[in-house]
Amino acid sequence: MTTETYSGSTIEVADELPGSNDKAGFEAVSWVSGQCALQEVPAILREWDKVTEELVCGDGASYDKKGGYKWNAVTYKLTRHPGDAAQDIYESLEDSKDVGSFKLALPGTAGTIYFTAQVSKFSMADGGTKNTIHSASVELLIQSKPVLVTAS
C-alpha cells in the first residue's frame, strides 16, 4: 500500500451548473482553473444528526440513532491573485446567491470530487504581517451531493 500526500491537488470553478449531478454532467462543464493558488485541501464531509430513542421499557438506556444529515461547509485558503479568472468567479458568486460548480482533483488514485455550492465567503484579505502571503479565505455551502470519480 502506498501513502499519498495532497501535493499536486487542484481546485477549479465554474459559474455554470452541470446538466446532471453525475460524472457526465460535471465533465461537460467549462472549468476555470486560474493560477495555482490552493493552499490546503479542504475536507468534504457530511455530518449526521443524532436522534435519541428514549424508551421507557427495557433497561432504561437511551440510544442515539442516525437521523438526517447535512454537508459541512467547505473551507480553505487561496493565495490572492487579483484579476485571476477563477478568483473573479469566486467574487461574483460571493456577491450573489448563485450556485457554482467546483472540481477538486486529488493526486494519484484518490480521484476527483465534483459538487455545486454557494460561495458564502471569499475574503478580500485575511491580514497578517509583512511576511504573510496575501491570502483569501473561502467558505462554500454545498448544494448537491458531491460526486466522487475515482481514478482508474
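Residues numbered from 1 in each chain as written. Predicted model: local features only at pLDDT ≥ 70, side-chain atom pairs only at ≥ 80, totals over all residues. Heavy atoms only, no water.

Caption draft 1: Broad picture of the overall build of the protein chain. Helix and strand counts for the protein chain stand at two helices and eight strands. Going from the N terminus to the C terminus, the protein chain shows its helices and strands as β-α-β-β-β-α-β-β-β-β. Projected onto the principal axes, the alpha-carbon positions of the protein chain cover approximately 65 × 40 × 40 Å. Across the 152 residues that make up the protein chain, the buried fraction comes to 36%. Within the protein chain, counting contacts between residues at least 6 apart in sequence, those at least 24 apart form 64% of the total. Mean positive and mean negative side-chain charge positions of the protein chain (13 and 21 charges, respectively) differ by 4 Å. (Helix = DSSP H or I, 4+ residues; strand = E, 2+ residues; numbered from the N terminus. Buried < 20%, exposed > 50% of the residue type's maximum accessible area, 1.4 Å probe, protein only. Contact = heavy atoms within 4.5 Å. Lys, Arg positive; Asp, Glu negative; His and termini not counted. Charge placed at Lys NZ, Arg CZ, Asp CG, Glu CD.)

Caption draft 2: Highlighting the side chain of Lys103. Tracing the backbone shows Lys103 in strand β5 (residues 100–105). In this structure Lys103 comes out as buried when scored by relative accessible area, which is 18%.

Caption draft 3: Seen up close, the packing of aromatic side chains. Per the counting criterion, the structure on display carries seven aromatic pairs. Seen from their ring centres, Phe26 and Tyr114 are 5.1 Å apart, and the 15 degrees between their planes marks the pair as stacked. Here the residue Phe26 occupies a position in helix α1 (residues 23–27), and Tyr114 occupies one in strand β6 (residues 112–122), the gap between them amounting to 88 residues. Lying across the ring of Tyr69, Arg46 places its NZ or CZ 4.7 Å from the centre. (Phe/Tyr/Trp six-rings, centres within 6.5 Å; stacked < 30°, edge-to-face > 60°. Lys NZ or Arg CZ within 6 Å of the ring centre and 35° of its normal.)

Caption draft 4: Molecular detail of the nonpolar core. Ranked by size, the top nonpolar core spans 23 residues in total, and within it Tyr76, Leu78, Tyr90, Phe102 and Leu140 carry the most contacts. For this core, the element with the most residues is β6, which contributes five residues. (Core = buried A, V, L, I, M, F, W, Y, C linked by side-chain atoms within 4.5 Å.)

Caption draft 5: Region of the structure containing the pairing of β5. With six of its six residues buried, β5 lies for the most part within the structure. With burial as the criterion, each face of β5 is covered, one bearing Gly100, Phe102 and Leu104 and the other bearing Ser101, Lys103 and Ala105. Across five bridges, strand β1 (residues 10–14) lies against β5 in antiparallel orientation. Within the sheet, the bridge partner assigned to Thr10 lies in β5 and is Ala105. (Pairing = 2+ DSSP bridges.)

Caption draft 6: The arrangement of helix α2 (residues 85–95) in detail. Listed in full, the buried residues belonging to α2 are Ala86, Gln87, Ile89, Tyr90 and Leu93. Down the axis, α2 shows its buried residues gathered within 150 degrees of arc, on one side only. In this fold, the buried residues of α2 make contact with β1, β4 (74–79), β5, β6 and β7 (135–142). N-capping of α2 is provided by Asp84, with a side-chain oxygen placed 3.1 Å from the backbone N of Ala86. (Arc of directions from axis to C-beta. Polar contact = N/O pair within 3.5 Å; in protein donor to acceptor, adjacent residues only side chain to side chain.)

Caption draft 7: Broad picture of the environment of Glu47. Residue placement: Glu47 occurs in strand β2 (residues 46–54). Overall, Glu47 belongs to the partly exposed group, its relative accessible area being 46%. As for Glu47 and Ala151, which are separated by 104 residues in sequence, their C-alpha atoms are 26 Å apart. Those residues in contact with Glu47 that lie beyond four places of it in its chain are Gly68, Tyr69, Lys70 and Asn72.

Caption draft 8: Just the environment of Ser101, in detail. When you line up the elements, Ser101 lands in strand β5. Take Ser101: its relative accessible area is 0%, and that puts it in the buried class. Separated by 75 residues in the primary sequence, Ser101 and Phe26 have C-alpha atoms spaced 8.1 Å apart. If sequence neighbours within four positions are ignored, Ser101 has contacts with Glu12, Val13, Ala14, Glu16, Leu17, Pro18, Phe26, Trp31, Phe115 and Thr116. Reaching out from Ser101, the side chain makes a polar contact with the backbone oxygen of Glu16 at a distance of 2.6 Å.

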